[in-house]
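A closer look at the structure
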Amino acid sequence: NSDNFLQSMNRLTGNLYSIAIPLNFKGNFSFLIEVIDVAGNRNTSEIVSIEVLGPNAVIDPTEWLVGNVSIDDLVKQNFTLQNNGSSTLRGRIILPNFVLINNISGSACSNNFLIQTHDNGRLEVLEIFVDGTFSTTSFVADDTNNVRGAAIADFDNDGDCDFATGGSDSNIHYYENNGVTPITGSSFASGVLVGTYSSSSWGMDTATGDFNEDSNFDFVISGNNAQLFLFSGNGDGTFRVGAVTISVQDRPESLEVGLFDEGDELDIAVGSSSRITILLGTGEFKFRQ
């Protein structure tokens, strides 16, 4: 039914979402997507695109031209999925940036803040307001040095975005969002050690995504060496430590997660001073270069 369908909607990374469609679903199924513009930066060229993977499935419409939306205006579009067979289906939704999702479960996590990191280890938060402006910086913590990235996601599935960092001490520090608003440093619990990695004195960058499609957020972090370290989220703010270690050719200075080929598994783009390496996901934390 529609409740079960939309409850399983999950942010993979950035503006990419996934939907788990019930096995052996057959017939017609209608659902509604609602979006809201939080920053007043939508334009007529932006499109919500839906793709359903399955030999006997048809989605109508496949694209929704969102158009100009006033700040805080809610716009809606109905979609119909028709499946004439009994094959396993998988849905994929691509959305414009800075668009919030309303679904039945209310489990969408909105990144309405930025984490600013410093080489001296100081972590600061800036709230993003609905008009696209930012608050002044507010101190969160300074638990380690040489931090150059923060992984932001709803790691404990409570609807609020949390974040994790790594630095020179080779520890992963997790900061749970306690839901206190407006967002300041007091909106986050004290850092908790949830894992270790080989930093070689620096935490270079992080990126988040659901790499094993269990509806829990994972993250990948790079140190000052030629390795990536992937931590699998358990959905309660804890992680399977060092789920995967990936070797690359150069020191990874920048990480991005997305779908870079025609597959349905998340990939990782690794930027260094001399090259960009694409790690193509093949499922269950496995990648090929």
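Every value quoted in this text rests on a predicted model; they were computed, and no experiment measured them. All residue numbers here refer to positions counted from 1 along the written sequence of the relevant chain. In keeping with the model being predicted, local features are shown solely for residues with a pLDDT of at least 70 and side-chain atom pairs are shown and tallied solely at 80 or more, while totals for entire chains, interfaces and linings include all residues. Just so you know, side-chain values use all the structure's heavy atoms and leave hydrogens and water out.

Further remarks concern the nonpolar core. Throughout, nonpolar core names a set of buried Ala, Val, Leu, Ile, Met, Phe, Trp, Tyr and Cys residues whose side chains join them through atoms within 4.5 Å. Partly exposed residues are those whose accessible area sits between 20% and 50% of the maximum for their type, while under 20% is buried and over 50% is exposed, using a 1.4 Å probe and protein chains only. Core analysis: the largest hydrophobic core is formed by 15 residues, its most contacted members being Phe211, Val220, Leu228, Leu255, Ile268 and Leu279. Secondary structure counts use DSSP, requiring at least four H or I residues in a row for a helix and at least two E residues in a row for a strand, with both numbered from the N terminus. Listing elements by their share of this core, those giving two or more residues are β19 (227–233), β20 (239–247), β21 (254–258) and β22 (267–271). Working rule for contacts: check all heavy atoms of both residues, and any pair within 4.5 Å makes them a contact. Those residues in contact with leucine 255, other than ones at most four positions away along the chain, are Asp205, Thr206, Ala207, Val220, Ile221, Ser222, Leu228, Ile268, Ala269 and Val270. Within the second largest apolar cluster, 14 residues are counted, among which are Ala153, Tyr197, Phe229 and Phe239.

With that settled, consider the packing of aromatic side chains. Geometrically, a pair of aromatic rings is defined through the distance of the ring centres and the angle of the planes. Geometry of aromatic contacts follows a simple scheme: Phe, Tyr and Trp rings, the Trp one being its six-membered ring, pair when their centres are within 6.5 Å, and the pair is stacked under 30 degrees between planes, edge-to-face over 60, tilted otherwise. Within this structure, the stated rule accounts for 11 aromatic pairs. Ring geometry for tyrosine 197 and phenylalanine 229: centres 5.7 Å apart, planes at 70°, overall edge-to-face. Taken together, the residues span a long stretch of sequence, with tyrosine 197 in the loop between β16 (192–196) and β17 (203–209) and phenylalanine 229 in strand β19 at a distance of 32 residues. Exposure class is identical for tyrosine 197 and phenylalanine 229. Each is buried. Where phenylalanine 219 meets phenylalanine 231, the ring centres are 5.1 Å apart and the plane angle is 10°; that geometry is what we call stacked. With phenylalanine 219 in strand β18 (residues 218–223) and phenylalanine 231 in strand β19, the pair connects residues that are 12 residues apart, well separated along the chain. Of the two residues, phenylalanine 219 and phenylalanine 231, both sit in the buried class. Here a set of aromatic residues connected by ring pairs shows up, and it is made of Phe155, Tyr174, Phe219, Phe231 and Phe239.

On to the sheet that holds strand β11 (residues 123–127), then. Each strand in a sheet pairs with another by means of backbone hydrogen bonds, the pair being arranged parallel or else antiparallel. Strand pairing requires that DSSP identify at least two bridges connecting the strands. Taken in spatial order, the three strands of this open sheet run β10-β11-β12, and their pairing is antiparallel. Pairing within the sheet leaves two strands with one partner each, and these edge strands are β10 (113–117) and β12 (138–141). With strand direction ignored, the average angle separating the axes of adjacent strands in the sheet is 35°. Bridge analysis of β11 against β12 gives three bridges, and the strand direction is antiparallel. Lines fitted to the C-alpha atoms define the axes, with helices restricted to the stretch that makes contact. Angles between their N-to-C directions range from 0 to 180 degrees.

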